[in-house]
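Per-entry structural report
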Amino acid sequence: VNGVMAGCKPEYMPILIAAIEGMCDPQYGVEHSGNTPGGENLIIINGPIIQQLGFNYTQGALRDGFMPNTTIGRFWRLYLRNVAGFLPHKTDKATYGNTWRVVLAENDEVLKRIGWANTAEEMGFKAGDNTVTIARYTGGGSFSSVSGDTPETLLPYVADSVLKYHMWQLTFTTSHGMGMLRPLVVITPILAETIAKAGWSKKDIQNYVYKHATIPVATLNALRRTVKPENTVESPSGPCVPMFSKPDSFKVIVVGGPGKHSAYINSGHTKRAFTKKVMLPKNWSSLVKQYRE
């Protein structure tokens, strides 16, 4: 019923089921949907189903208007409200909050070409598996004109933006958040290809950002911020506190317009990203053909 109200097509049903299995799993923690920071869920799609169902994963990847991206994202919010009981001024206690998000389909084609694992593979699934990954983010935004032709010249822009989109959310790493600052860094294919050409992997990006998205301890002391970092990294300005408890605290995905030197930071903290496999019926190919016609 919620899928119909959201405008989903019948062939989207396996994805809806996988998404709700994720919502119901204790490891996802749906009860945190209405907490004070007001995180909103994002669904990331991987696998051949992206092509089969016509997801947009190039230019305008975060725009609404593409049917599978838009309707499945809308479905999540409807189900959360109508079935899970997520109600404003009642179970939703967010200070501000945001609206629902369209589904983000990762560009598996580019990843395969440059030899990087996609999000599903990083979460322990096989290449070619259809999966949905769900996680909450409190906000975010894009930054353009990422100049350079090497990882060393491109990634300072990324690290700087990660820092600026978070800053005092550092507390979710150093004090009461138990290392739960887990943003998402989205880069375009042209950036990914340039970085991969130099022999760098997603893990190398994570390591770089971990070391460079930092706040000087002197800055924290000057503002009398009460934090007790477990670890620091050295920089020209002295010891610094990393934004994250460890390099793989955040994910890097590849999607967006093919000719754009841009990136996007989904900011905030979450319990963790959680992935479910999309289980398809045996007659899937014939069903897709039937409904696509």
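First, a word on scope: everything that follows refers to the structure included in this document. (Residues numbered from 1 in each chain as written. Predicted model: local features only at pLDDT ≥ 70, side-chain atom pairs only at ≥ 80, totals over all residues. Heavy atoms only, no water.)

**Side note on the packing of helix 7 (residues 151–164) against helix 9 (residues 189–197)**
Between helix 7 and helix 9, the least distance of the axes is 10 Å, while the angle of their chain directions is 135°. By the angle between their axes, helix 7 is oblique relative to helix 9. In this structure, helix 7 meets helix 9 at a crossing whose hand is left-handed. Contact residues: helix 7 offers Pro151, Leu154 and Leu155, while helix 9 offers Leu191, Thr194 and Ile195. In terms of residue class, the contact of helix 7 with helix 9 is made up of 5 nonpolar, 1 polar and no charged. (Axes fitted to C-alpha atoms, helices over the stretch in contact; angles between N-to-C directions. Helix = DSSP H or I, 4+ residues; strand = E, 2+ residues; numbered from the N terminus. Parallel < 35°, antiparallel > 145°, perpendicular 65-115°, else oblique. Left-handed = near helix turned anticlockwise from the far one by under 90°. Contact = heavy atoms within 4.5 Å. Nonpolar A, V, L, I, M, F, W, Y, C, P; charged D, E, K, R; others polar.)

**Section: the sheet that holds strand 3 (residues 131–137)**
What the 4 strands build is an open sheet, ordered 2-1-3-11; its pairing is mixed. Of all strands in the sheet, those with a lone pairing partner are strand 2 (104–105) and strand 11 (274–277), marking the two edges. In this structure, strand 3 lies alongside strand 11, joined through 4 bridges in antiparallel fashion. Within the sheet, the bridge partner assigned to Thr131 lies in strand 11 and is Lys277. The sheet contacts of helix 2 (residues 13–24) involve strand 1 (40–46), strand 3 and strand 11, and relative to strand 3 the element is tilted by about 45°. (Pairing = 2+ DSSP bridges.)

**Notes on the pattern of salt bridges**
Taken as a whole and assessed by the stated rule, the structure comprises 7 salt bridges. For Glu106, the salt bridge is made with Lys202, and the minimal N-O distance between the two is 3.1 Å. Of this pair, Glu106 sits in the loop between strand 2 and helix 5 (108–114) while Lys202 sits in helix 10 (residues 202–212); the two residues are 96 residues apart in sequence, bridging distant segments of the chain. Across the pair, exposure class does not vary: Glu106 and Lys202 are buried alike. A single network of salt bridges, built from pairs that share partners, joins Glu106, Glu122 and Lys202. (Salt bridge = Lys/Arg side-chain N within 4 Å of Asp/Glu carboxyl O. Buried < 20%, exposed > 50% of the residue type's maximum accessible area, 1.4 Å probe, protein only.)

**Things to note about the packing of helix 2 against helix 4 (residues 67–82)**
A pair of packed helices is captured by two measures, namely the crossing angle of their axes and the spacing between those axes. Interaxial distance between helix 2 and helix 4 falls to 11 Å at its minimum, and their mutual angle equals 45°. Regarding the angle of helix 2 to helix 4, the classification is oblique. When the axes of helix 2 and helix 4 are compared, the crossing they make is right-handed. Mapping the contact onto sequence places Ile15, Leu16, Ala19, Ile20 and Met23 in helix 2 and Ile72, Phe75, Trp76, Tyr79 and Leu80 in helix 4. When grouped by side-chain class, the residues that make up the contact of helix 2 with helix 4 number 10 nonpolar, no polar and no charged.

**So, helix 7**
When the terminal C-alpha atoms of helix 7 are compared, their 20 Å separation across 14 residues agrees well with the 20 Å that a helix rising 1.5 Å per residue should span. Regarding helix 7, the residues found buried are Pro151, Leu154, Leu155, Val158, Ala159, Ser161, Val162 and Leu163. Of the surrounding secondary structure, the elements contacted by the buried residues of helix 7 are strand 4 (139–143), strand 5 (184–187), helix 9, helix 10, strand 6 (214–216) and strand 10 (263–267). (Expected span 1.5 Å × (residues − 1).)

**Observations concerning the pairing of strand 9 (residues 251–254)**
In strand 9, alternate side chains face the same way, and those of Lys251 and Ile253 on one face and Val252 and Val254 on the other are all buried. In the sheet, strand 5 pairs with strand 9 via 4 bridges, with the strands oriented parallel. By the bridge assignment, Val185 is partnered in strand 9 with Val252.

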